[in-house]
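Residue-level listing of the chains:
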Amino acid sequence: MTEQFWDKKNETMPLKELKELQLKRLKKLIDYTSRNNKFYHERLKKANIRSSNIKSLNDIEKIPYLTKQDLRNFYPFGLVCTDLDNVVEVHASSGTTGKPVVGPYTKNDVELWGDVMARALWANGLRRNDILQNSYGYGLFTGAHGFEKGAQKIGAMVITISSGNTKRQINIMKDFKSTAVACTPSYSSYMAETAEQMGFDPIKDFNLKIGCFGAEAWSEEMRKNVEKRWGLVAHEHYGLTEIIGPGVVSECKYKRLHINADHFLTEVIDPNTGETLPPGEEGELVFTTLTKEAFPVIRFRTRDLAVYFEEECKCGRTLPIQSRIKGRSDDMMKVKGVIVFPSQIESALMQVRDISDYYQIIKTKKGDITSLSVEAETSLERWKEGRIDELEKQAEDEIFSVLNLHVPVKILQPNTIPRSTGKAVRVVER
Ligand code: ZN
């Protein structure tokens, strides 16, 4: 039997030992950041935190949260905890909602990143003989680089094709016999559509067996669609520029998301009160990086909502588990008093046969009142067949059954919603 774990010792360590390791590393982190960065020095001093008064992991609650605003205030290198001469690589978020978040890495940080990504890809089933088509956009964004580092560490062949130029992607995928693909889930579905338009059968004419997807919120239903279309097993990847990029959480073959908790400490908090919640309750994820050098964070509020569990998994990993992300608290919409996440609408739409993977949620604001409607594409056959009003009604009923809210749905003919080669635009404001 081939080895199941990339790093057996750390992935299967008894939980008690793991927590002792986390505590030891947390204390070290407090000394390290306080010694090497002015912001942390002052903040920890003000809260009267020294490593000597951190007796248990719960004592972390005495440290104030770090927010995205703090990161912006110290743009670009104000939170770096090492001499800039030690930084060998820098990434940044797109910065669509303000100044970008900058992620600097030392040599050791780059090693760590490659290692947690190797864990993640190994857990997905990637091995030396695999050929990974890396269709995340290369650039400042962490995605493509993280997947490249992890796959190369395993010894797989990486095709550094980046995103876009989709017909060329398809030809390369066929000629090079790619066995795995890394990209956003929406781009994988666009690639399948393009392959079909080029006259190929995505299942018969290609060798894909593993999909490594992330960087956007997607539903279980969307996962099933993508798996069916390509005949592959689709795995979720979760990470953030603020933490390390992808590699924070890896999905095992039972599709459970294991947190690489020896390096990243997770808390879940009530997003409104900031209170820490016990395992099993849904709240905002807060991360502390335990071993990073250039840009460690202590109690970073992600605004991502999920549930944290500590329980055994059939795969043998003892690493704690997080649920899939319900959405960013920023994406949350309040419509007629009902809390709505785009992923909930997606999962309702995907229940309806004849609705394709392409949809948009239209948000209209009149004064303080937000209303929603949905535009979704159907297949060409169904469009020709007609009875579109029936399809609309069916989709509206599905959404109602999930949200208890009437959201009007308009069915469009194929190829009317813009395709994306990166993160799909699911919500538009009109
Ligand atoms: Zn598992």
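Residues numbered from 1 in each chain as written. Predicted model: local features only at pLDDT ≥ 70, side-chain atom pairs only at ≥ 80, totals over all residues. Heavy atoms only, no water.

Visitor: Can you help me understand the overall build of the chain in this one?
Guide: Of regular secondary structure, the chain possesses twelve helices and 20 strands. Whereas a compact globule of 430 residues would reach a radius of gyration of roughly 22 Å, the chain reaches 22 Å, a difference of no more than 12%. With the principal axes as the frame, the chain shows a C-alpha extent of 70 × 55 × 40 Å. Partitioning the contacts of the chain with sequence separation of at least 6, the portion at a separation of at least 24 is 67%. (Helix = DSSP H or I, 4+ residues; strand = E, 2+ residues; numbered from the N terminus. Rg over C-alpha atoms; globule rule 2.2 N^0.38 Å. Contact = heavy atoms within 4.5 Å.)

Visitor: Could you clarify how one ought to interpret the coordination of the zinc ion in this entry?
Guide: For a metal with four tetrahedral donors the ideal donor-metal-donor angle is 109.5 degrees, while six octahedral donors give ideal angles of 90 or 180 degrees. Around the zinc ion, the protein contributes the donor atoms Cys252 (SG), His258 (NE2), Cys313 (SG) and Cys315 (SG), which lie 2.1 to 2.3 Å from the metal centre. Relative to the metal, the four donor atoms surrounding the zinc ion lie at angles of 102 to 115 degrees, and the coordination shape comes out tetrahedral. Read in sequence order, the donor residues for the zinc ion give the motif C-x5-H-x54-C-x1-C. Each member of the pair, Cys313 as well as Cys315, is classed as buried. (Donors = N, O, S within 2.8 Å, 3.2 Å for Na, K, Ca; no water. Tetrahedral: all angles 85-135°; square planar, octahedral: opposite > 155°, others 65-115°. Buried < 20%, exposed > 50% of the residue type's maximum accessible area, 1.4 Å probe, protein only.)

Visitor: Honestly, helix α5 (residues 107-124) in this entry has me stumped. Any pointers?
Guide: Within an α-helix, residues lying three or four positions from one another point in the same direction, as the helix has 3.6 residues per turn. Along its 18 residues, α5 runs 26 Å from first to last C-alpha, staying within 8% of the 26 Å computed at 1.5 Å per residue. At the exit of α5 stands Gly125, carrying a positive phi of roughly 105 degrees. (Expected span 1.5 Å × (residues − 1).)

Visitor: Explanation requested: helix α12 (residues 388-403) in the structure shown.
Guide: In this model, α12 (16 residues) spans 23 Å end to end at C-alpha, consistent with the 22 Å of a helix rising 1.5 Å per residue. By the burial criterion, the buried members of α12 are Ile388, Leu391, Glu392, Ala395, Glu396, Ile399 and Leu403. On an axial view of α12, the arc spanned by its buried residues comes to 135 degrees, and they lie on one face. In the core, the buried residues of α12 are packed alongside β16 (338-340), α10 (342-349), β17 (355-366), β18 (369-378), α11 (380-385) and β19 (409-412). A positive phi of about 60 degrees marks Asn404, the residue just after α12. (Arc of directions from axis to C-beta.)

Visitor: Help me understand the environment of Lys423, please; the structure alone is not making it clear to me.
Guide: Structurally, the position occupied by Lys423 is in the loop between β19 and β20 (427-429). When the C-alpha atoms of Lys423 and Val181 are compared, they prove to be 16 Å apart, with 242 residues separating the residues in sequence. Residues contacting Lys423, with those up to four places away along its chain left out, are Thr184, Ala215 and Glu216.

Visitor: Looking at this structure, I do not really get the domain arrangement of the chain. What am I missing?
Guide: Many authors give the size of an interface as the accessible area that is lost as the parts come together. Each assigned domain of the chain is listed with its residue range as follows: domain 1 (1-329) and domain 2 (332-429). A C-alpha centroid distance of 29 Å is found between domain 1 and domain 2. With 24 residues of domain 1 at the interface, the matching set in domain 2 holds 18 residues. Across the domain 1/domain 2 interface, buried area totals approximately 1800 Å², and carbon plus sulfur atoms make up 50% of it. If you look at where domain 1 meets domain 2, you find two salt bridges. Linking Glu193 and Arg419 is a salt bridge whose minimum nitrogen-to-oxygen distance equals 2.7 Å. Where domain 1 packs against domain 2, one counts 13 residue pairs in polar contact (both at pLDDT 80 or more). Breaking the side of domain 1 that touches domain 2 down by element, the ones donating at least two residues are α8 (185-197), α9 (220-230) and β14 (327-328). (Domains from an automatic or database assignment. Buried area = accessible area lost by both parts, 1.4 Å probe. Salt bridge = Lys/Arg side-chain N within 4 Å of Asp/Glu carboxyl O. Polar contact = N/O pair within 3.5 Å; in protein donor to acceptor, adjacent residues only side chain to side chain.)

Visitor: Explanation requested: the layout of surface pockets in the structure shown.
Guide: In this approach a probe as big as a water molecule rolls over the atoms, and the regions it shows empty are the leftover space. Here the second largest pocket is characterised by a volume of approximately 800 Å³. Around the second largest pocket, the lining comprises 25 residues; the ones closest to its centre are Arg229, Asp354, Ile355, Ser356 and Ser379. Counting residues per element, the ones that place at least two in the lining of the second largest pocket are α8, α9, β17, β18 and α11. Classifying every residue of the lining of the second largest pocket by side-chain character gives six nonpolar, seven polar and twelve charged. When we break the lining of the second largest pocket down by domain, the ones giving at least three residues each are domain 1 (1-329) and domain 2 (332-429). (1 Å grid on protein atoms, 1.4 Å probe; cavity = no way out; pocket = protein on both sides within 12 Å on 5 of 7 lines; lining within 4 Å. Points joined across faces, edges and corners; volume = space filled by probe spheres on them. Nonpolar A, V, L, I, M, F, W, Y, C, P; charged D, E, K, R; others polar.)

Visitor: Please clarify how the pairing of strand β7 (residues 233-240) should be interpreted in this entry.
Guide: For a regular strand, side-chain orientation follows a simple rule: the groups alternate between the two sheet faces. The buried fraction of β7 amounts to six of the eight residues, a majority that puts the element mostly inside the structure. Bridging between strand β6 (residues 210-214) and β7 involves five bridges; their strand directions are parallel. Bridged to Gly214 within β7 is His237. Chirality of the crossover, the property in question, places the unit of β6, α9 and β7 among those that are right-handed. (Pairing = 2+ DSSP bridges. Right-handed = clockwise from strand over helix to strand, strands pointing away.)

Visitor: Explain the sheet that holds β19 to me, please; I cannot follow it from the model alone.
Guide: By definition, the strands of a sheet pair up through backbone hydrogen bonds, in either a parallel or an antiparallel sense. Taken together, the four strands give an open sheet; going across it, the order is β19-β18-β17-β20, and neighbouring strands pair in mixed fashion. A strand with exactly one partner marks an edge of an open sheet, and here the two such strands are β19 and β20. Taking each pair of neighbouring strands and ignoring which way they run, the sheet shows an average axis angle of 25 degrees. Pairing analysis gives four bridges linking β18 to β19, with the strands arranged parallel. Counted as the bridge partner of Glu377 is Leu412 from β19. (Axes fitted to C-alpha atoms, helices over the stretch in contact; angles between N-to-C directions.)

Visitor: What's the story with the environment of Ile30 in this structure? I'm lost.
Guide: On the secondary structure map, Ile30 appears in helix α2 (residues 15-36). Note: C-alpha distance between Ile30 and Gly386 (356 residues apart in sequence) is 64 Å.

Visitor: Mind showing me how you'd approach unusual backbone geometry here?
Guide: Backbone phi values are negative for most residues with the exception of glycine, while trans is the configuration of most peptide bonds. Between Tyr75 and Pro76 the backbone carries a cis peptide bond, its omega angle lying at -5 degrees. In this structure, Pro76 sits in the loop between α4 (68-73) and β1 (87-92). For Lys255, which is not glycine, the phi dihedral falls at a positive 60 degrees. Looking at the secondary structure, you find Lys255 in the loop between β8 (245-251) and β9 (257-259). By relative accessible area, Lys255 is classed as partly exposed at 29%.

Visitor: What exactly am I supposed to notice about the pattern of salt bridges here?
Guide: Once the charged atoms of two side chains with opposite charge are near each other, the side chains can pair. What the rule picks out here adds up to 33 salt bridges. The shortest N-O distance in the salt bridge between Lys68 and Glu242 comes to 3.2 Å. Taken as a pair, Lys68 in helix α4 and Glu242 in the loop between β7 and β8 lie far apart in primary sequence, 174 residues in all. The exposure class assigned to Lys68 is buried, which follows from its relative accessible area of 16%.

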